[in-house]
Amino acid sequence: MTGKRGFFFKRGLLFALVFGFACSMGDKNKTNTTNEPGFANLAEGEGSFRALVYDDNNQYTLKDFSFFGHTTVGGVRRETDDSMTRFELSKIKELKVLKPHFDSKRFGDKEFLLAEVTASTGAVTSDLLVPKKLVICGIDEKSGLEKSWFLQKIDRIVMQGATPLVLPSIPSVLTNPKAVTATTAPTAPAPLTPARAIPTPDSQGKTKHTFRPAKPNKWDAFYQNNQMPKGDTQKVTPPEKRSIGGTFVAIVDAIIDFLRAIINGVFKLF
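Everything in this summary refers to the structure shown in the same document. These numbers come from a predicted model, not from an experiment.

Brief notes about unusual backbone geometry
So, point 1. For Asp-56, which is not a glycine, the phi torsion comes out positive at approximately 55 degrees.
So, point 2. You can see Asp-56 is positioned in the loop between strand 1 (49-55) and strand 2 (58-66).

Brief notes about the layout of surface pockets
So, point 1. As a volume, the largest pocket reaches approximately 190 Å³.
So, point 2. If you go around the largest pocket, the residues you meet are Thr-85, Arg-86, Phe-87, Glu-88, Lys-91, Ile-92, Val-117, Ala-119, Ala-123, Thr-125 and Leu-128.
So, point 3. Only strand 4 (81-88), strand 6 (112-119) and strand 7 (124-131) provide two or more residues apiece to the lining of the largest pocket.
So, point 4. Among the elements that make up the lining of the largest pocket, the one with the highest residue count is strand 4 (four residues).
So, point 5. When the residues that make up the lining of the largest pocket are grouped by side-chain class, the tally is six nonpolar, two polar and three charged.

Details of empty space enclosed by the protein
So, point 1. Summed over all chains, the structure comprises one cavity of 30 Å³ or more.
So, point 2. Roughly 30 Å³ of internal volume is contained in the largest cavity.
So, point 3. Contributing to the lining of the largest cavity are Phe-65, Phe-67, Leu-89, Ile-92, Leu-95, Ile-157 and Met-159.
So, point 4. The set of elements that each furnish at least two residues to the lining of the largest cavity consists of strand 5 (92-102) and strand 10 (156-162).
So, point 5. Across the lining of the largest cavity, the residue classes break down as seven nonpolar, no polar and no charged.

A word on the pairing of strand 9 (residues 146-150)
So, point 1. Relative to strand 9, strand 8 (residues 135-140) runs antiparallel, the two being bridged by five bridges. The residue bridging Val-135 from the neighbouring strand is Phe-150, located in strand 9.
So, point 2. With antiparallel pairing between neighbouring strands as the criterion, strand 8 and strand 9 make up a hairpin whose turn holds five residues, including Gly-144 at a positive phi of roughly 75 degrees.

Here's the deal with the side chain of Ser-66
So, point 1. With respect to the secondary-structure elements, Ser-66 resides in strand 2.
So, point 2. Note on Ser-66: relative accessible area 0%, which makes it buried.
So, point 3. Only 2.8 Å separates the side chain of Ser-66 from the backbone nitrogen of Gly-69, close enough to count as a polar contact.

Focus on the nonpolar core
So, point 1. Within the largest apolar cluster, 25 residues are counted, with the highest numbers of intra-cluster contacts made by Phe-65, Phe-87, Ile-136, Leu-151 and Ile-157.
So, point 2. If we skip the residues at most four places from it in the chain, Ile-157 touches Ala-51, Leu-52, Phe-65, Lys-93, Glu-94, Leu-95, Ile-136 and Leu-151.
So, point 3. Counting five residues, the second-largest nonpolar core is a separate cluster that includes Phe-107, Phe-112, Leu-114 and Leu-129.

A word on the pairing of strand 1
So, point 1. Most of strand 1 is tucked away, with six of its seven residues classed as buried.
So, point 2. Pairing of strand 1 with strand 2, which is carried by five bridges, proceeds in the antiparallel orientation. Residue pairing in the sheet places Ala-51 in a bridge with Leu-62 of strand 2.
So, point 3. Hairpin connection, strand 1 to strand 2: the antiparallel pair is bridged by two residues, and Asp-56 has positive phi, about 55 degrees.

Quick notes on the rules
Residues numbered from 1 in each chain as written. Predicted model: local features only at pLDDT ≥ 70, side-chain atom pairs only at ≥ 80, totals over all residues. Heavy atoms only, no water. Helix = DSSP H or I, 4+ residues; strand = E, 2+ residues; numbered from the N terminus. 1 Å grid on protein atoms, 1.4 Å probe; cavity = no way out; pocket = protein on both sides within 12 Å on 5 of 7 lines; lining within 4 Å. Points joined across faces, edges and corners; volume = space filled by probe spheres on them. Nonpolar A, V, L, I, M, F, W, Y, C, P; charged D, E, K, R; others polar. Pairing = 2+ DSSP bridges. Buried < 20%, exposed > 50% of the residue type's maximum accessible area, 1.4 Å probe, protein only. Polar contact = N/O pair within 3.5 Å; in protein donor to acceptor, adjacent residues only side chain to side chain. Core = buried A, V, L, I, M, F, W, Y, C linked by side-chain atoms within 4.5 Å. Contact = heavy atoms within 4.5 Å.

What follows is the structure in structure tokens.
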């Protein structure tokens, strides 16, 4: 019995050591996880905002800026009252971290930092208590890398409004100026020059302006007199083609008419 008891005692002790070591490793991993500001993508349905984050001497321009994936966050207190404040990125112009650690007398069981917030309306609130472990996230516009901080580790945040929309590039065929044929608008005819006033001196030596009508063009009268009236235009029929026999008969008729004219002329002489 003594041997069996010793065996079970050794196994129990070994199990306790292994269990304790596993628990300590788990607590260590959990501690490391909570001490690192994880990154969270912007949640679906949240608005995309652009912000400048100042960290010591560094400045980062972030898009899709959020409080760990969200554009609103609560849990903000004030030392002077028991009110609860909620941050909305659309209503914030600037956030400054005045003290990365603040010992609150009213809320001694919580860890806060002291912050100053300037609203979009211009109102400034400088006694806000914000949770120290609040995580801010965004994507660096220059590098495209995911960035995240604990709020207590930065100096200030300056909001830049909504993230500008990037339109897809237009195909070069449409933007190539050589492919576009330039079309010029039809030029309007030059207006007719009105009759100019010709200055003529009067009997008293004063200059007076007289208007002389334009002289009529003789060709205008000719065209008007010889213009065919509308509706009376006759259709000109082309001459009919004659055969060889018809042509010969026409020649004979012409000769006979010629001889007849000569004979008539001779008779008139007598």
